[in-house]
Amino acid sequence: MANRRFPAEWEKQEGVLLCFPYNGNDWPGKYAAVQWAFVEFIKKVAEVEKVFLIVKDDALKTKVNDMFALASVNLKNITYIEQKTNRSWMRDSGPIIVKNGSKREALNFNFNGWAKYKNWKLDQHVPSKVAEILNVPLTQVTYKGKKVVLEGGALEVNGKGTLITSEECLLHPEIQVRNIGFTKSDYEAIFKEYLGITNTIWVKDGIAGDDTHGHIDDLCRFVNEDTVVTVVENDTNEKNYHPLQESLKILRKSKLENGKPLNVIEMPMPRNIIFNDLQLPASYANFLILNGTVLVPVFNDENDRLALNILAQCFPDRKVIGISCIDIIWGFGTLHCLSQQIPA
């Protein structure tokens, strides 16, 4: 019998999995800027832990290494993994590393381009390659004989048995359906078997502009075992106002795995970022917790400071650092979406 547990992000990490973007298709017109934004992001991670960095080939590795040298990145903390991919969103195409008893295990949740895009076949090789580099066993997640499709961005855990996810992402009957016919109880059975979850909190909808159709990591995040931060929109005319108010109400009524109420801290949204007539899913909730540090996406917005202050109070023992994501968000995600933590 498996004894699996999905550790919380603030638990000790060996490193973070990232993938250096090599085609500009996710960031049309901003690819050059995004590469340097990535270098800055990687530099901050490499100051505190290892970066397992996927590069498509040796030529890109050489180019990236030269960029790192220019930017004074700690090269000792960079481990390159040569693997072709379609995209760079490791939260979703990378493996989820869980503890199984005292050992680590990599879970392959069968990424399929968020049930939206056709080009994802290369991304399916990422979990096996990463498991091989880490020297951990890889398990294909199945349920009733079928491969399960789930993305890390849809799962938020406290490491003690509670998981938060959204109905929009996992249960919509028509849009971006990951697993046809799956019900809440089906998902909860999968969460229990593979992630050690005994208590699932379902919010309704994610934020406007989210290409993944409702990932939780743009909306609500655990900051400790019994506390979440959740983004709220105060402008009643905004698309996000009603969905985020609804989530807030659900979270305030929710209980943890031990029956205690969930502590809920509100965090603002940045003002809308419109680029090429699209509303981009900019959110302060897409932060990444590292050993000793929290990296927070910021957007040249007056609410940047408020969000950083709120998170600094949530993480008194960690440095809270803003990373400019005004270019990165053009790919419809930021720091958390791009990364996958590897528990120690």
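Before reading on, note that the structure itself is shown above.
As the structure is a prediction and not an experimental result, all values here were calculated from the model.

The rules we used
- Residues numbered from 1 in each chain as written.
- Predicted model: local features only at pLDDT ≥ 70, side-chain atom pairs only at ≥ 80, totals over all residues.
- Heavy atoms only, no water.
- Pairing = 2+ DSSP bridges.
- Helix = DSSP H or I, 4+ residues; strand = E, 2+ residues; numbered from the N terminus.
- Axes fitted to C-alpha atoms, helices over the stretch in contact; angles between N-to-C directions.
- Contact = heavy atoms within 4.5 Å.
- Expected span 1.5 Å × (residues − 1).
- Buried < 20%, exposed > 50% of the residue type's maximum accessible area, 1.4 Å probe, protein only.
- Phe/Tyr/Trp six-rings, centres within 6.5 Å; stacked < 30°, edge-to-face > 60°.
- Lys NZ or Arg CZ within 6 Å of the ring centre and 35° of its normal.
- Core = buried A, V, L, I, M, F, W, Y, C linked by side-chain atoms within 4.5 Å.

Novice: When you look at the sheet that holds strand β15 (residues 263–268) in this model, what are you seeing that I'm missing?
Specialist: Two orientations exist for strands paired in a sheet by backbone hydrogen bonds: parallel and antiparallel. The mixed open sheet is built from 3 strands, whose spatial order is β13-β14-β15. Lying at the two open borders of the sheet, with one neighbouring strand each, are β13 (220–224) and β15. In this sheet, adjacent strand axes meet at a mean angle of 30° when their direction is disregarded. Where strand β14 (residues 227–232) lies against β15, 6 bridges are found, and the strand directions are parallel. Each bridged residue has a counterpart across the sheet, and for threonine 230 the counterpart in β15 is glutamate 266. Lying over the sheet, helix α8 (residues 303–314) contacts β13, β14 and β15, oriented at roughly 155° with respect to β15.

Novice: I would appreciate a short explanation of helix α7 (residues 241–253) in the present structure.
Specialist: For the α-helix, the turn length of 3.6 residues means that residues three or four positions removed from each other point alike. Between the first and last C-alpha of α7 there are 19 Å, a value that for 13 residues agrees with the 18 Å anticipated at 1.5 Å per step. Along α7, the positions that sit buried rather than exposed are Tyr241, Pro243, Leu244, Ser247, Leu248, Ile250 and Leu251. Tucked into the core, α7 has its buried residues touching β11 (162–166), β12 (199–203), β13, β14 and β15.

Novice: Help me understand the sheet that holds β12 in this model?
Specialist: Sheet architecture is open: 3 strands sit in the order β10-β11-β12, paired in mixed fashion. Looking at the sheet topology across the chains shown, the edges are occupied by β10 (156–157) and β12. Two elements, β10 and β11, share 2 bridges in a ladder whose sense is antiparallel. The residue of β11 that forms the bridge with valine 157 is leucine 163. Against the sheet, helix α6 (residues 184–195) engages β11 and β12, with an angle of about 135° to β12. Contacting β11 and β12, α7 crosses the sheet at an angle of about 155° to β12.

Novice: It is not clear to me how the packing of aromatic side chains should be interpreted in this structure. Could you clarify?
Specialist: For any pair of aromatic rings, the description consists of the separation of the ring centres together with the inter-plane angle of the planes. Summed over the entire model, instances satisfying the criterion amount to 11 aromatic pairs. Seen from their ring centres, tryptophan 330 and phenylalanine 332 are 6.2 Å apart, and the 50° between their planes marks the pair as tilted. The exposure class of tryptophan 330 is buried, given its relative accessible area of 6%. We classify phenylalanine 332 as partly exposed; its relative accessible area is 23%. Grouped by ring-pair contacts, the aromatic residues Tyr143, Phe182, Tyr187, Phe191 and Trp202 constitute a single cluster. Against the face of phenylalanine 275 rests lysine 30, its NZ or CZ located 4.5 Å from the ring centre. Over the face of the ring belonging to phenylalanine 287 we find arginine 221, whose NZ or CZ atom lies 4.3 Å from the ring centre.

Novice: Got a minute to help me understand the nonpolar core in this structure?
Specialist: The nonpolar side chains of a soluble globular protein tend to be buried with one another. Within the largest apolar cluster, 74 residues are counted, with the highest numbers of intra-cluster contacts made by Phe20, Leu53 and Phe287. For this core, the leading source of residues is helix α1 (residues 31–46), giving 8 residues. Once residues lying within four places of it in the same chain are set aside, the contact partners of leucine 53 are Leu18, Cys19, Phe20, Ile42, Val64, Phe68, Ile78, Thr79, Tyr80 and Ile81.

Novice: Would you mind going over the environment of valine 130 with me for this structure?
Specialist: Tracing the backbone shows valine 130 in helix α4 (residues 126–134). What makes valine 130 buried here is its relative accessible area of 2%. Sequence separation of valine 130 and asparagine 23 is 107 residues, and the distance between their C-alpha atoms is 21 Å. When neighbours within four sequence positions are excluded, valine 130 is seen to be in contact with Leu17, Ile54, Ile81 and Pro95.

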